[in-house]
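Residue-level structure breakdown
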Amino acid sequence: MAASSDRIPPPFPATEEPGAGPSDMADGDSDEGEDIFSNPMAVSRGVSQPDNVNEEPPDLFSEEEASSTTVKSNGVHSDDDNDLFADEEAHVELSTDTPGSSARKELSTSSGPHPASSFTRSPAAMQPTSLEQLEEEESKDSFDVDVAVTNPEKIGDGMNAYVAYKVSTRTSLAMFRSKTFSVRRRYSDFLGLYEKLSVKQSLHGCIIPPPPEKSVVGMTKVKVGMDDPSSVEFVERRRAALERYLQRVVAHPSLLQDPDVREFLEKEELPRAVSTQALSGAGFLKMINKASDAVNKMTIKMNESDTWFEDKFQEVENEEQQLRKLQAVVDSLVNHRKELCGSTAVFAKSMAMLGNSEDNTALSRALSQLAEVEDKMEQLHQEQAASDFFIFAELLADYIRLLGAVRGCFDQRVRAWQRWQEAQSTLQKKREAEAKLLWANKPDKLQQAKEEITEWEARVTQHERDFDRIGMTVRKEVLRFEKEKAKDFRSQIVKYLEAMLQSQQRLVKFWEAFLPEAKAIA
Amino acid sequence: LSTPQKHQRGNTMRSVSVDLNHDASLLIDIPDALCERDKVKFTVHTKTTLSSFQKPDFSVPRQHEDFIWLHDTLVETEDYAGLIIPPAPPKPDFESPREKMHKLGEGEATMTKEEYTKMKQELEAEYLAVFKKTVQVHEVFLQRLSSHPNLSKDRNFQIFLEYDQDLTVRRKNAKEMFGGFFKNMVKSADEVLISGIKEVDDFFEQEKTFLLDYYSKIKDSTAKAEKMTRSHKNIADDYIHISATLNSLSADDTTILFVSVQKVEGRVASDQELKLTELLRYYMRDIQAAKDLLYRRARALVDYENSNKALDKARLKSKDIPQAEEHQQQCLQKFDKLSESGKKELTSFKGRRVVAFRKNLIEMAELEIKHAKVSSTIQLTHFYTNEKWTL
């Protein structure tokens, strides 16, 4: 996902984002980059619109690049960071395919050996070329970090076996040890990174992208053997998800700064992450939901002076619900598509038998040809099924997890508020204690009380500042997230439709080849 | 869908008919039909120059059961034993759309208004498709009869076409019903009987082998085609739900594109259903009718052989020889007649089948191409204008 934090104008007071006007995007492609998912009824709708759409070439394959990057700081980053972060892009590197950009292309670009399953997407033969390559060249200059996850390799045997992935980075940023490098990482390393980031960044209100969930069943199959189709599918699914995860991490301006991220990308050997036990089984959503419940149970309810947060939170919850619904139907689609593959293959065989049985020569031949066409159709359906799953279903899964993470950062803000309130109430108590001491006239204890008051005053101030800061970060993060999400969805759907388009063009060829056979029947 | 629906003529998409209804002396069609609570009332319209009919142009209302009655009486007419009796039209089956409609009603609360409306539209279209199909299949049955030199002259056929009262009374002849039941009971013995016969005629030997084999293959293909079509339909339905949910999340042009692509999937499903599946289904039944002919001939051969044995016995005993001789002669005549007419029927059946397959396969291929092209054009146009591709 492209970074868009740089696109957001100067720090917001508690007001709407400037540039929040209704869709007065200059060019005809005004729906480019518009967030797909903003609830038209939400107060903050205008906020989530990209503010500089004009800069964005109305092109499928461009992210925000090349164009101006007056990077705005929001107090979280130091000014130095801004220069480094002009338009960083999480790019998929080592793409053998037509290079393009990130999130959309994870399917077709990982240069590692594709798993030999039917779920491999064949390099799109029909990629739009010239304009897109132009964009690519323009944008290359401004992309700072590209990451890719490739070459899954089973290490070891039996129940201790694991899969190691190659994590490759290509970057122009000075903070890295070189321009291109790669390391080997295993799944628990990715989890460990997430854990570290969560712990650290949680106080800041960032949306930490979650990695794919653990799967005991999936991994057990792999441990047993990596050759059967379902293991192959599992590994590919995980590889692609890990890649998207990393791309999102490096696309995030603050996270990229984090030394843990750098270490993850660069360091040859990582200490084995052990605390990932906590993230077993149910996964992140459950963890976040538990945290949410804890927040809700707190007795001090937040008095929201700014409805933006309430409204936005509601929006996020609604969206999550819709996505779950969509996910259920897409799962149904994937299953039905697999059924279609099966029934088409079976039908093709049956047709072939019928053709053999037929005593009219020309008709017999035509029926055999029909059987072959149906075989080819099955192949098309298989590819379509891969598309359904890897493009569509995984997109939804990613975003359901991400929305969970968004909810998580809202919770962080509430907790920050609670800490502030608690500090205030403690300060109040200290002041009362001091008053009592004044009255009781105990000078030495009084001195201590005064010191404590000073200390707590400072704490209250600190917590208040933290709360404000988190609030601003959350807003910024959410806006950035929405923009990314809109782009991501759009590009994935376009990719999905592209795949369908290719399918259909091949379908036409198959039937056109069959037609003369049918006409030749006499 | 409890309100009556009329089917209007105008759609001449006929899945399996070939060269029917061209003889101006007797033209039959079903110009419209009413559907009332899953009971279909067909309007059978006849135009004729034959003097055997009272009027040159007339219509009568008929139910499915009337068609079955007509079919069964033809099957049980001795004179037609040497003919392939056109297969009876299957009962109108609205089970699938009705069940889906019911489920839709139950699930109405969980979907958006738009989704519900779309699903309802789809179901209504499905219902209409079933309706059109059943009208066609009943129509083709009658047209097969009217195109047949012998069957078109059948008395009961004329009654069916002309009798302007309710046929129910005639139908409810208990004896006929019992006869039909009995006939079905022995059907399973068909295969054994036909296969077991010592065939002297090469033509019939070949036909027998071919038809028995072909029947099992086409029955299998029909079932598999139906399954495949159902999968397609499921996918089309999924796309409706996806489109609706996507739409409620965002209504930009990619969603609209998605929706139109979804529509094409639906088209593909119904086209396959209409062309290929219907074709296979129809000829499966037709081949069953041809097998029935072989069965009757086989029966006649058995009777002839038995009559020979009886004659030998009679000669041995020197008793009732003339009767036995006459009986034997009758059996032989019957057998010869069946063989002669059977040969003609089976030969023309072959030709008919090939022509129908050709027509349907061509039409199916053309439709697949057309729909895929439409869909790709929609998408390409979108990509060119919105995503600014250059190729």
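Residues numbered from 1 in each chain as written. Chains lettered and ligands numbered in written order. Predicted model: local features only at pLDDT ≥ 70, side-chain atom pairs only at ≥ 80, totals over all residues. Heavy atoms only, no water.

Some points on the overall build of chain B
In terms of regular secondary structure, chain B is built from 10 helices and 4 strands. The secondary structure elements of chain B, listed N-terminal to C-terminal, are β-β-β-β-α-α-α-α-α-α-α-α-α-α. Classification of the 391 residues of chain B by burial places 53% in the buried group. Taking the intrachain contacts of chain B between residues at least 6 apart in sequence as the baseline, contacts between residues at least 24 apart amount to 75%. (Helix = DSSP H or I, 4+ residues; strand = E, 2+ residues; numbered from the N terminus. Buried < 20%, exposed > 50% of the residue type's maximum accessible area, 1.4 Å probe, protein only. Contact = heavy atoms within 4.5 Å.)

So, the overall build of chain A
A tally of regular secondary structure across chain A gives 12 helices and 4 strands. Within the span of chain A, comprising 522 residues, buried residues form 57% of the whole. Counting contacts in chain A only where the partners sit at least 6 residues apart, residues at least 24 apart contribute 78% of the total. When the accessible area of chain A is evaluated, it comes to approximately 21,300 Å², of which 54% is carbon and sulfur surface. (Areas by Shrake-Rupley, 256 points an atom, 1.4 Å probe, with all protein chains shown as cover.)

Focus on the confidence of the model for chain B
Residue and element names in this part refer to chain B. For chain B, per-residue confidence averages 82 on the pLDDT scale, and 84% of positions sit at 70 or higher. Within the model, pLDDT remains below 50 along residues 1–13, and this stretch shows 35 contacts once partners closer than five positions in the same chain are excluded. As scored by the predictor, the complex reaches a pTM of 0.74 and an ipTM of 0.85. (pLDDT = per-residue confidence, 0-100.)

Details of the confidence of the model for chain A
Residue and element names in this part refer to chain A. Within chain A, residue pLDDT values average 72, and 66% of them lie at 70 or more. When pLDDT is averaged over each helix and strand of chain A, the minimum, 33, is found for strand β1 (residues 90–91) and the maximum, 92, for helix α10 (residues 307–357). Throughout residues 1–142 the model reports pLDDT below 50, and contacts reaching past four residues in sequence, or to other chains, amount to 328 contacts.

Regarding the interface of chain B and chain A
Every contact between the two is made by 66 residues of chain B and, on the other side, 69 residues of chain A. Between chain B and chain A lies a buried interface of about 5,800 Å² when both sides are counted; carbon and sulfur atoms form 66% of it. Where chain B meets chain A, there are 4 salt bridges. With its nearest N and O atoms 2.3 Å apart, the salt bridge here joins Arg353 of chain B to Glu358 of chain A. In this assembly, chain B and chain A are joined by 16 residue pairs in polar contact (both at pLDDT 80 or more). Residue assignment for the side of chain B that touches chain A shows that the elements contributing at least two residues are α8 (202–249), α9 (253–317) and α10 (321–387) of chain B. Grouping the constituent residues of the side of chain B that touches chain A by class yields 29 nonpolar, 19 polar and 18 charged. (Buried area = accessible area lost by both parts, 1.4 Å probe. Salt bridge = Lys/Arg side-chain N within 4 Å of Asp/Glu carboxyl O. Polar contact = N/O pair within 3.5 Å; in protein donor to acceptor, adjacent residues only side chain to side chain. Nonpolar A, V, L, I, M, F, W, Y, C, P; charged D, E, K, R; others polar.)

Considerations on the packing of aromatic side chains
Applying the stated criterion across every chain yields a total of 22 aromatic pairs over all chains. Note on Trp511 of chain A and Phe514 of chain A: the rings are 5.7 Å apart at their centroids and 90° apart in plane angle, and the pair reads as edge-to-face. You can see Trp511 of chain A and its partner Phe514 of chain A sitting in helix α12 (residues 443–519), 3 residues apart, about one turn around the helix. An angle of 50° between the planes, with centres 5.7 Å apart, marks the rings of Tyr283 of chain B and Phe357 of chain B as tilted. (Phe/Tyr/Trp six-rings, centres within 6.5 Å; stacked < 30°, edge-to-face > 60°.)

Thoughts on the environment of Pro229 of chain A
All names here are of chain A. Positionally, Pro229 belongs in helix α6 (residues 229–251). By relative accessible area, which is 60% here, Pro229 ends up exposed. For the pair formed by Pro229 and Val147, sequence separation is 82 residues and the distance between their alpha carbons is 27 Å.

Side note on the pattern of salt bridges
If you walk through the whole model with that rule in mind, you get 54 salt bridges over all chains. One salt bridge connects Glu320 of chain A with Arg324 of chain A, and the closest N-O pair in it is separated by 3.2 Å. You can see Glu320 of chain A and its partner Arg324 of chain A sitting in helix α10, 4 residues apart, about one turn around the helix. A relative accessible area of 5% places Glu320 of chain A in the buried class. Under the relative-accessibility criterion, Arg324 of chain A is labelled partly exposed at 39%. Taking the shortest distance from any N to any O, the salt bridge between Glu122 of chain B and Lys233 of chain B comes out at 3.8 Å. Note that Glu122 of chain B is positioned in helix α3 (residues 113–147) and Lys233 of chain B in helix α8, a separation of 111 residues in sequence. Since its relative accessible area comes to 18%, Lys233 of chain B is described here as buried. Ionic contacts of the salt-bridge type, sharing partners, join the residues Glu213, Arg237, Arg244, Arg248, Glu394, Asp398, Arg401 and Asp488 of chain A into one network.

Details of the nonpolar core
Counting residues in each nonpolar core, the largest one holds 110 residues, and the members touching the most others are Trp511 of chain A together with Ile242 and Leu361 of chain B. At 29 residues, the largest contribution of residues to this core is made by helix α11 (residues 361–440) of chain A. Ignoring sequence-local partners within four residues, the contact set of Trp511 of chain A consists of Leu370, Val373, Glu374 and Met377 of chain A together with Met364, Ala365, Glu368 and Ile369 of chain B. (Core = buried A, V, L, I, M, F, W, Y, C linked by side-chain atoms within 4.5 Å.)

Quick look at the packing of helix α4 (residues 187–201) of chain A against helix α8 (residues 259–266) of chain A
Residues and elements named next belong to chain A. Closest axis-to-axis distance for the α4/α8 pair is 10 Å, and the angle between their directions is 170°. Taken together, the axes of α4 and α8 lie roughly antiparallel to each other. Taking contact as the criterion, the partners of Asp189, Phe190, Leu193, Lys196, Leu197 and Lys200 in α4 are, on α8, Pro259, Asp260, Val261, Glu263 and Phe264. Broken down by class, the residue content of the contact of α4 with α8 amounts to 6 nonpolar, no polar and 5 charged. (Axes fitted to C-alpha atoms, helices over the stretch in contact; angles between N-to-C directions. Parallel < 35°, antiparallel > 145°, perpendicular 65-115°, else oblique.)

Quick look at unusual backbone geometry
Phi at Ser318 of chain B takes a positive value of approximately 55°, unusual for a residue other than glycine. Residue Ser318 of chain B is classed as exposed on the basis of its relative accessible area, which comes to 60%.

Overview of the pairing of strand β3 (residues 39–48) of chain B
Residue and element names in this part refer to chain B. Pairing analysis gives 9 bridges linking strand β2 (residues 26–36) to β3, with the strands arranged antiparallel. Counterpart to Asp32 in the pairing with β3 is Thr43. As paired strands, β3 and strand β4 (residues 57–63) are joined by 7 bridges and run antiparallel to one another. Bridging from a neighbouring strand, Thr43 pairs with Pro61 of β4. (Pairing = 2+ DSSP bridges.)

Section: the packing of α10 of chain A against α12 of chain A
The packing of two helices is summarised by the inter-axis angle and the distance between the axes. Residue and element names in this part refer to chain A. The interhelical angle for the contact between α10 and α12, taken along N-to-C directions, is 25°, at an axis separation of 13 Å. Regarding the angle of α10 to α12, the classification is roughly parallel. The two elements α10 and α12 meet at a crossing, and its hand is left-handed. Only Gly471, Val474, Arg475, Val478, Leu479, Glu482, Lys485, Phe489 and Tyr496 of α12 make contact with α10, whose side of the interface consists of Trp308, Phe309, Lys312, Glu315, Glu319, Leu323, Leu333 and Arg337. Here the residues of the contact of α10 with α12 are counted per class, giving 9 nonpolar, 1 polar and 7 charged. (Left-handed = near helix turned anticlockwise from the far one by under 90°.)

Observations concerning the environment of Arg248 of chain A
All names here are of chain A. Tracing the backbone through its elements, the reader meets Arg248 in helix α6. Of the residues examined, Arg248 reaches a relative accessible area of 8% and is grouped as buried. Separated by 86 residues in sequence, Arg248 and Tyr162 have C-alpha atoms that sit 24 Å apart.

Structural notes on the state of the cysteines
Two cysteines form a disulfide when their sulfur atoms are joined by a covalent bond. Across all of its chains, the model carries 0 disulfides over all chains by this definition. Take Cys206 of chain A: it sits in no disulfide, and the sulfur closest to it among the cysteines is that of Cys409 of chain A, at 8.0 Å. (Disulfide = S-S within 2.5 Å.)

Things to note about the environment of Ile155 of chain A
In this fold, Ile155 of chain A is placed in strand β2 (residues 145–155). Filtering out sequence-adjacent residues up to four positions away, Ile155 of chain A remains in contact with Ala161, Tyr162 and Ala164 of chain A.

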